[in-house]
Each structure stands twice: as C-alpha cells, then as structure tokens.
Amino acid sequence: GQNIDQPTEMTATEGAIVQINCTYQTSGFNGLFWYQQHAGEAPTFLSYNVLDGLEEKGRFSSFLSRSKGYSYLLLKELQMKDSASYLCAVRGMGHYNTDKLIFGTGTRLQVFP
Amino acid sequence: DGGITQSPKYLFRKEGQNVTLSCEQNLNHDAMYWYRQDPGQGLRLIYYSQIVNDFQKGDIAEGYSVSREKKESFPLTVTSAQKNPTAFYLCASSAHGLGGQGGHEQYFGPGTRLTVT
C-alpha cells in the first residue's frame, strides 16, 4: 500500500524554529513536495526534494532521506503568517507514468505570539 | 497573469442534482488534475488528464466525470451517484504529465466548496 504519515498538529512560538516530519511508503518515488495551505485556500508550493540532503529556501528548508523514507520541513524565524497546514506529497508512479502526487493528511501549525 | 481559475468559490445544490465545477488554466500546462479535500484527510485524486482528449481515473473516481476537450479547460461533473459530494474541490495543473525528471510542481486553483443538502 501507499502511506504518508505526518503529525496532525503542532504549535510553536513566533521567532522560534519548528520541524515538521513526514515518513512515506509508496510504490515508486520520483520526488517529494511540501505545500503550504492556509485555511480555505489552495495549497502553494514550498519545496521539492528528489535527492538526499537539504534544500534551503530562505526561512524554509526541506530534507530528504530516501533510504529511510523520511523528510522534514524546517521553518525558521517563525511568523504569525506561518500558521497554516503543511502538506507532504510524494510523486509516485501512476498509470502511464504521470506526475501522480500522493498527499499526507497535512500538519496544522499554529504560531503563537 | 498566468494561473488557474475555478468557479464558483461556493456552490450549493440539492441532493440528486448533477453539478459541474469549472477549471481553467492559462499556464500552457499539459496535465490537469482534480482533487477532493475533506477534513482530517489528505487530498485525494479524482481524475487526471495528461493531454487533450485523454483522462484517467484517480483513486476516487466513482460518481464523477470529466472531459478535456481543450488544453485550458478540465471541468468536473459531480453526479447524483456520488454518495458524499459535500467537500472542497481543488483543480491543479502541471507542466509535465508524462513522467520524466524535474520538479514539475502542481499549481492549484483557489478551490470550489460544494455543499449538497
């Protein structure tokens, strides 16, 4: 089967650092995506990892270990606007080798002053 | 500006009625997707299309139908056969629909919240 696990909820304080973990078991692997989704809005792309290691993008970094089926999203210098759900998605192998994304349930992050 | 549009943002229907949700993109993307999002669940794929006049069922296609007559448009019909149609529906597109390398992230529309009573 295909499974992506991430914590349901996390809380953190403004200015702090938070790490959101994601573990996956999928049929095939062609990359892992992180999306941010504010309540009632569309997900927006944050990061993409296909090779092992850390990808840094401003305040956000994402790490991947393919051998462990594990990724994390690191958010630094948290701001109130970072309160949102963070979705982990693995690009697996659908029919006809399409870009089929398998999504986790998302981690709802609340940032407090 | 390039992007994906979905309309309407909120839609209300009576049980037993078919309803069509629109999705248009001007990003010149080949692939388009429809997802459904329910509270406490991840996005679930309903249908996807790699090229015009071709589409495949996703994980939860029962009770839904789609068409892809134009590259820019991928409307979703929620039929009366769908047992639990009330949900948030998201349309997405990506540049590459036939595998290969590269990120090719999916870009999402703003979503349509459908309520069926």
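Details of the structure are given in the entry above.
Residues numbered from 1 in each chain as written. Chains lettered and ligands numbered in written order. Predicted model: local features only at pLDDT ≥ 70, side-chain atom pairs only at ≥ 80, totals over all residues. Heavy atoms only, no water.

## Notes on the overall build of chain A
Looking only at helices and strands, chain A has 0 helices and 11 strands in total. Helices and strands in chain A line up, N terminus first, as β-β-β-β-β-β-β-β-β-β-β. Over its C-alpha trace chain A gives a radius of gyration of 14 Å, about what one expects of a compact globule, namely 13 Å for 113 residues. With respect to the principal axes defined by its C-alpha atoms, chain A has extents near 45 × 30 × 20 Å. Considering chain A as a whole, with its 113 residues, one finds that 49% of them fall into the buried category. For chain A, contacts bridging at least 24 residues in sequence account for 56% of all contacts bridging at least 6. In the form shown here, chain A has an accessible surface area of approximately 5,400 Å², with 49% of it arising from carbon and sulfur atoms. Distance between charge centroids for chain A: 4 Å, based on 9 positive and 10 negative side chains. (Helix = DSSP H or I, 4+ residues; strand = E, 2+ residues; numbered from the N terminus. Rg over C-alpha atoms; globule rule 2.2 N^0.38 Å. Buried < 20%, exposed > 50% of the residue type's maximum accessible area, 1.4 Å probe, protein only. Contact = heavy atoms within 4.5 Å. Areas by Shrake-Rupley, 256 points an atom, 1.4 Å probe, with all protein chains shown as cover. Lys, Arg positive; Asp, Glu negative; His and termini not counted. Charge placed at Lys NZ, Arg CZ, Asp CG, Glu CD.)

## A short note on the nonpolar core
Residues and elements named next belong to chain A. Ranked by size, the top nonpolar core spans 21 residues in total, and within it Ile4, Leu32, Trp34, Leu75, Leu78, Tyr86 and Leu109 carry the most contacts. For this core, the secondary-structure elements that each account for two or more residues are β3 (18-25), β4 (32-37), β7 (60-65), β8 (70-75), β9 (84-91) and β11 (107-112). Among all residues touching Leu109, those that are not within four sequence positions of it are Met10, Thr11, Ala12, Val18, Leu75, Leu78, Asp82, Ser83, Ala84 and Tyr86. (Core = buried A, V, L, I, M, F, W, Y, C linked by side-chain atoms within 4.5 Å.)

## Describing the sheet that holds β7(A)
All names here are of chain A. Pairing within the open sheet is antiparallel, and its 5 strands lie in the order β1-β3-β8-β7-β6. If you trace the sheet from one side to the other, it starts and ends with β1 (3-5) and β6 (53-57), each paired once. When strand polarity is set aside, the average angle formed by the axes of neighbouring strands in this sheet is 15 degrees. When β1 meets β3, the two strands line up antiparallel, connected through 3 bridges. When the bridges of β3 are listed, Asp5 appears paired with Thr23. (Pairing = 2+ DSSP bridges. Axes fitted to C-alpha atoms, helices over the stretch in contact; angles between N-to-C directions.)

## Section: the sheet that holds strand β3 (residues 19-25) of chain B
Residue and element names in this part refer to chain B. Taken together, 4 strands build an open sheet; the order of strands is β1-β3-β8-β7 and the sheet is antiparallel. The outermost strands of the open sheet, each flanked by one partner alone, are β1 (4-7) and β7 (64-66). Averaged over neighbouring strand pairs, the angle between their axes works out to 20 degrees when direction is ignored.

## Describing the packing of aromatic side chains
When we look at a pair of aromatic rings, we describe it by the centre distance and by the angle of the planes. Going through the model one piece at a time under the given rule, you end up with 16 aromatic pairs over all chains. Taking the centre distance of 4.8 Å and the plane angle of 45 degrees together, the rings of Phe33(A) and Tyr48(A) count as tilted. Residue Phe33(A) is found in strand β4, and its partner Tyr48(A) is found in strand β5 (residues 44-49); the two are separated by 15 residues along the sequence. Tyr48(A) gets classed as buried once you look at its relative accessible area, which sits at 19%. When the ring of Phe103(A) is compared with that of Tyr35(B), the centres are 5.4 Å apart and the planes differ by 85 degrees; the resulting orientation is edge-to-face. Note that Phe103(A) is positioned in strand β10 (residues 101-103) and Tyr35(B) in strand β4 (residues 31-37), a pairing that runs across two chains. As far as the burial class goes, Phe103(A) and Tyr35(B) line up, both buried. Grouped by ring-pair contacts, the aromatic residues Phe33(A), Tyr35(A), Phe45(A), Tyr48(A), Phe103(A), Tyr33(B), Tyr35(B) and Phe108(B) constitute a single cluster. (Phe/Tyr/Trp six-rings, centres within 6.5 Å; stacked < 30°, edge-to-face > 60°.)

## Focus on the pattern of salt bridges
Residue and element names in this part refer to chain A. Counted by the stated rule, this structure contains 7 salt bridges over all chains. Between Lys76 and Glu56 there is a salt bridge, with the nearest N and O atoms lying 3.6 Å from each other. With a gap of 20 residues between them, Lys76 in the loop between β8 and β9 and Glu56 in strand β6 connect regions that are remote in the sequence. Taking relative accessible area as the criterion, Glu56 reaches 55% and is therefore assigned exposed. Note that Asp82 is salt-bridged to Arg59, the shortest N-O span being 2.8 Å. (Salt bridge = Lys/Arg side-chain N within 4 Å of Asp/Glu carboxyl O.)

## Quick notes on the pairing of β7(A)
Residues and elements named next belong to chain A. The buried count for β7 comes to 5 of 6 residues, which makes it a mostly enclosed element. Judged from the 5 bridges that link them, β6 and β7 form a sheet pairing that is antiparallel. Pairing of Glu56 across the sheet is with Ser61, part of β7. Between the antiparallel neighbours β6 and β7 lie 2 residues, among them Gly58 with a positive phi of about 65 degrees. Examined bridge by bridge, β7 and β8 share 6 bridges and lie antiparallel to one another. Counterpart to Phe63 in the pairing with β8 is Tyr72.

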